[in-house]
Amino acid sequence: LGELGGGGIDIDDEGTGMKGVTASIRLLRLWRITMRALDDVRTGVRERGDTLGRGVRALTIRLCDPKAGENTKEEEEVYLSNAERKRREKENDINSEYAATVSLSWLVKYGLNQPCAEATGICISCLLGIVDVSKPTTLQPVLAELIGSLLMAMSGLEPSALNYLQVRAAGNESSQGANGANGYDRLERLRIQLASSGPIAEALNKCLDMVKFVELDAQKKLIPELDSALRKGAGFATRASTADAVTTLCNTCPAAFKFPGSSNTNPTVRLLRAIYFASEKERGATAKDKMTHALGSISMIAPAKAVRILAVKACERYSEASGSNNNPSLRRAAAATVRAIVVRASNHLKDGGPKDVWRKKVLPIAFLGRKDDDAKVAALWNDVWDEGGTAVGLSGEDTFGVMLQEQLLPYLANAMLSALRSPSWSNRREACAVIIELVEANILSPAPRSTSGTQKIAEEPERFKQRAKVSSILLNECVKIIRRSRIWEGKGDVCSAASQISAKWTGVAESHSNACSCAPIVFRADVESLFEGDKWFKGVEQSHTDVEEAGDSEYEQHDEVPGQIADDDAALDMSGEQEFDEDDAEQQNSSDNELVEADVEYGMQPVTLVGLCRILAEQGLRSGGSREGRLPYRVAAFSALSALLKSVVPDENSEQYNSIVEHQSYVYDAIAPSLFTFVSGESSGEEKPAPVLVARAMECLASAMYDEVGTGSECNDALVLLKLFSLSTGSTQPAWTVRQTAALAASSLIAKTSSSVVRRNDSILTVLECSSQALKDKKFWKVRAAGLELLLSLVRRVKQRGRTDPDNQLVMEAILPYKEKIVGIARKSLSDNESQVTAAASKLTVAMNWWP
C-alpha cells in the first residue's frame, strides 16, 4: 500500500489506544469492501453495498474538503487568534491533501477499472466530488498523474459497441463510396461528442483549469503524461482528448512547455513529434483536425530547430507518399501539419536556420503542392504558400523582382527538378503544372524591357542569367523525359511545359545564343542534334539511346493500398519517429542535412529548335508501344509542336528577319515531309489515324509555314498543298475538325506563300473550291468560319497601301475576275445564324470595298 500514498494522521482503533493503522489504510479497506459488495452475486449484499458506497463516497469527499475540517463553533471562533486560525487552516489543508492523494490514486488506478458498472459509477461520482471540492494546491502532488489517468480512461469507459459499428462502417466504405465514408465520420463525431460530454471529461476539464494555479514544476510534470497518453492510448477518444488538453495548456500555461534542448530528450519535442505521428496515423477526420490544431499550438512554444526539422520531414514524406507508395492520408497529414505550423506558429518562419529551410524547402514544396490532384490537399498547400510567403523575411541581396515566385526561383527550380526526376507520375504532373504557371506569369522568360526599346538585356545580366539558366535546366529535363519511349499518364503535360518554355525564349534565341551560353534554346542548322552538337538523332552517343526510365516502368498506384481495417481502439504505431532523431553534433555541423541544396547545377546544353520540333513531331507520329494513353499523348505532342512553331514570328523591320526566316525554312524542311505523308494518308502504318491526329498534324504543318513558302519540292509546293487541303475539306472527309483545320491551313499557306503562287489561276480556283466546300457545311459553323478566313487571306494579299507596287497590282489583277463570286459568298454569309461567321463575312466585304 505504500505506493498508493498513506501516512498522515494516527488515530485510535475505536478508542482503545491501539496505534499504527493509518486512516488512509482504513479508507482504502472501506473502498475495497464496497467494491466487493457491489460485485457480489447476492442481491441483498449488493443493496447493502450500494448503501455503504454512498456513505464511503460522502466520507471520502468530506475528508478531501479543506473546509470540512472546521469544527469550531461560531462563538468559539470569535476568540481564536489569527495565528491559531491559520494553524488550523494549514492543518486542514494537509489532512485534505493526504486524503485526496490516497483516494485519487486508488480511484484512478483501481476504481475506474472495476468490472462492475455500479462500482465504476460510484468511483466516478466520488472522483468528481473530490475534484469539485479540492483546491489546486491540494491536488498539486497528484495533478499530473490524475490528468494522465483521466485521459487514458476516456476510451476505457466508452461502450465497445460504438467501436464495432465504426469499424463495420469503415469496412463498407469500399463498396459504398462516399456514403460509407460519411457514415464513418458521423460515428466518429458521435463518439467524440459522447466522450467530451461524459463525467470523465468534466473532471478532466476541471483539472486542466487548476493547472495554471499550481507551481511551474508541477505543470512541467504534466507534459510527459500527455506524451504517454498519446502514445499508449488504446482509443481515439483518448488521443482526441489529449489533443484538446494540449491546445488548452498551450494557451493557459505556455511556460510548462519550456525545456532546455531541442532533441528527443526534450519532453515538448517528444510531444510535438507524437502529435504529428498521431495525426498521420489517425483515421478519422475529426480526430485529425484536433491533432493538427494541437500541433500548431505547441509549435508556437516548441524549439525552433525542432519545428524546422518536423516541417522538413513532413515535406519529404509528402513527396514520397506518391506513385507506388501512394498514401493520400499521409499526404493530407503532411500538408495539414505544415499549414498548422505556418499559420499558428508564424514566429518561427523568420528564422530558417543555417540551411534557410523555409525558403529553400518548405515554400517550394508548398508551391508545387498547390497543384495536387486532391483539392483539399491543394487548398492546404495554397494556404501555406500565401501565409508563409508573407511571414518569411526575404532579403533583397540575392533576389530579383517583386514577385515571390521570382525571388525564390532557384529554390523552386530545385523542387521542380526533383519532382520531374521522381518516379511518381503525379509528382511530374505537378511540376509541369507549376512550370506552365511560371511561364504564363512571365517568370520563366526573358526579363521585361522598357516599351521605348532603349533598355537592353545587358543592363540586368544577372536577372536574365538566372531566368535563362533555370529555364534551361527545366527544359533539358523535360526533353529528356519526352525522348524516352514509355508513355505514361500525364506525359503530354511534359510536352506542353517544354513547348511553352521554348516559346518564351524563341524571341531572343537568335540574338543572344552567341552572347549568352545559358540560353535554353538556340537556332542551329543541325537537323541531327537534339541538344547543341550532340548528334542524338544519329545515335552516335550511346548515352542518348532510347532507354526506359526506371520510374516509368513502375506501377502507378492511384488509390491507397487496401488492407485490413485498422481498429480505432488501438495504440498508434510510432516506429517512424526514429527518423527524427539526429545527433546534436551532426545537427550543429549540418542542420537539416537531408535538404536539397539550393544551388542548381548550371551549365546545361541548350536545346536546338529544329531538334525539339523534330522530337515532338516524332512523338506525335509514333504508332508503336502500348495503346493505353497513346492517343492523348500524341495529340498533346502535336499541340505542343504547333504552339512552339507559332511562337517564332519574325519581324520584318528587324535586322535578323532574313536569318530567322531561313531557319524557319530549315525547320519546315526537317518536319514537313513526315507530316505531309501522315496527313495525306500515305504513311506505312497499318492503322488508320484518328481524325483528331490528322487535324493536329495539319495544324502543325500550317504552323511551320514561313514567308515565301511553297516554292520547293512536293511537301513545299503550294499547289500540291492546296489540293491536299481542298481534298480534306470536301464531302469525302467525315470529320469536321479535319475540314476546319484544312481550311485554316490553306489560309495560312495563302497568307505566307510567294505572290507568284497567288497570281496563278489554278491556285485561285483551288482556294475558291476549298472555301466553297467549307461553306456548304450547315452543321458546324467553325468550318464555315474557316472557309471565310481562307477567302479573307486571299483578299488581304492585295494591300491598299501598296497600290503603286507592281507586284501588288499583278495580284489584284489575278483575283479581280473572281471578285463578284467572292462578294456574293460574303453577302450570302451575312445572313448566317452564327455571329462569328457574319463577322468574318463583314471583314471580307470591307476588305474589298476599295477594289475597282
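Residues numbered from 1 in each chain as written. Predicted model: local features only at pLDDT ≥ 70, side-chain atom pairs only at ≥ 80, totals over all residues. Heavy atoms only, no water.

**Comments concerning unusual backbone geometry**
Most peptide bonds are trans, and most residues other than glycine sit at a negative phi.
Inference 1: Positive phi outside glycine occurs at D356, with the angle close to 50°.
Inference 2: Topologically, D356 is positioned in the loop between α18 (328-344) and α19 (357-369).
Inference 3: Residue classification places D356 among the buried residues on the basis of a relative accessible area of 19%. (Helix = DSSP H or I, 4+ residues; strand = E, 2+ residues; numbered from the N terminus. Buried < 20%, exposed > 50% of the residue type's maximum accessible area, 1.4 Å probe, protein only.)

**Points about the nonpolar core**
Inference 1: Ranked by internal contacts, the top residues of the largest apolar core, which has 232 residues, are W31, W381, I435 and F725.
Inference 2: With 11 residues, helix α29 (residues 657-680) is the largest single contributor of residues to this core.
Inference 3: What W381 contacts, discounting residues up to four positions off in sequence, is C315, Y318, A335, V338, I365, A366, G369 and R370. (Core = buried A, V, L, I, M, F, W, Y, C linked by side-chain atoms within 4.5 Å. Contact = heavy atoms within 4.5 Å.)

**A word on the packing of helix α7 (residues 143-156) against helix α14 (residues 236-252)**
Two numbers describe a pair of packed helices, the interaxial angle and the distance between the axes.
Inference 1: Remark: α7 packs on α14, axes separated minimally by 7 Å, with the N-to-C direction vectors making an angle of 140°. Relative to α14, α7 is oriented so that their crossing is right-handed. Facing L151, M152, M154 and S155 of α7, the residues of α14 in contact are F236, A237, T238, S241 and T242.
Inference 2: Considering only residue class, the contact of α7 with α14 consists of five nonpolar, four polar and no charged. (Axes fitted to C-alpha atoms, helices over the stretch in contact; angles between N-to-C directions. Left-handed = near helix turned anticlockwise from the far one by under 90°. Nonpolar A, V, L, I, M, F, W, Y, C, P; charged D, E, K, R; others polar.)

**Brief notes about the confidence of the model for the protein chain**
Inference 1: Looking at the protein chain as a whole, its pLDDT mean stands at 80, while 80% of the residues score no less than 70.
Inference 2: Contacts for the low-pLDDT stretch residues 452-459, under 50 throughout, to residues beyond four places or in other chains number nine contacts.
Inference 3: Every residue in residues 581-603 is under pLDDT 50, and counting partners more than four places away or in other chains gives 42 contacts. (pLDDT = per-residue confidence, 0-100.)

**A few points about the environment of G681**
Inference 1: Mapped onto the elements, G681 comes out in the loop between α29 and α30 (691-703).
Inference 2: For the pair G681 and V694, spaced 13 residues apart in the sequence, the C-alpha separation amounts to 9.0 Å.

**Let's talk about the pattern of salt bridges**
Inference 1: What the rule picks out here adds up to 30 salt bridges.
Inference 2: The partner of R524 in a salt bridge is E532, and the shortest N-O contact between them spans 2.9 Å.
Inference 3: Look at R524 and you get partly exposed, because its relative accessible area is 22%.
Inference 4: Of the residues examined, E532 reaches a relative accessible area of 29% and is grouped as partly exposed.
Inference 5: A salt bridge links D777 to R739; the shortest N-O distance between them is 2.4 Å. On the criterion of sequence distance, the pair formed by D777 in the loop between α34 (761-775) and α35 (781-796) and R739 in helix α32 (residues 736-752) is long-range, its members being 38 residues apart.
Inference 6: In this structure, a network of salt bridges that share partners links the residues D132, E202 and K206. (Salt bridge = Lys/Arg side-chain N within 4 Å of Asp/Glu carboxyl O.)

**Observations regarding the side chain of S322**
Inference 1: Here S322 lies in the loop between α17 (304-320) and α18.
Inference 2: When its relative accessible area of 6% is taken as the criterion, S322 is described as buried.
Inference 3: Within the structure, the side chain of S322 is placed 3.1 Å from the backbone oxygen of S319, a separation counted as a polar contact.
Inference 4: Within the structure, the side chain of S322 is placed 3.1 Å from the side chain of S424, a separation counted as a polar contact.
Inference 5: Apart from the residues within four sequence positions on either side, S322 is in contact with R331, S424, S426 and N427. (Polar contact = N/O pair within 3.5 Å; in protein donor to acceptor, adjacent residues only side chain to side chain.)

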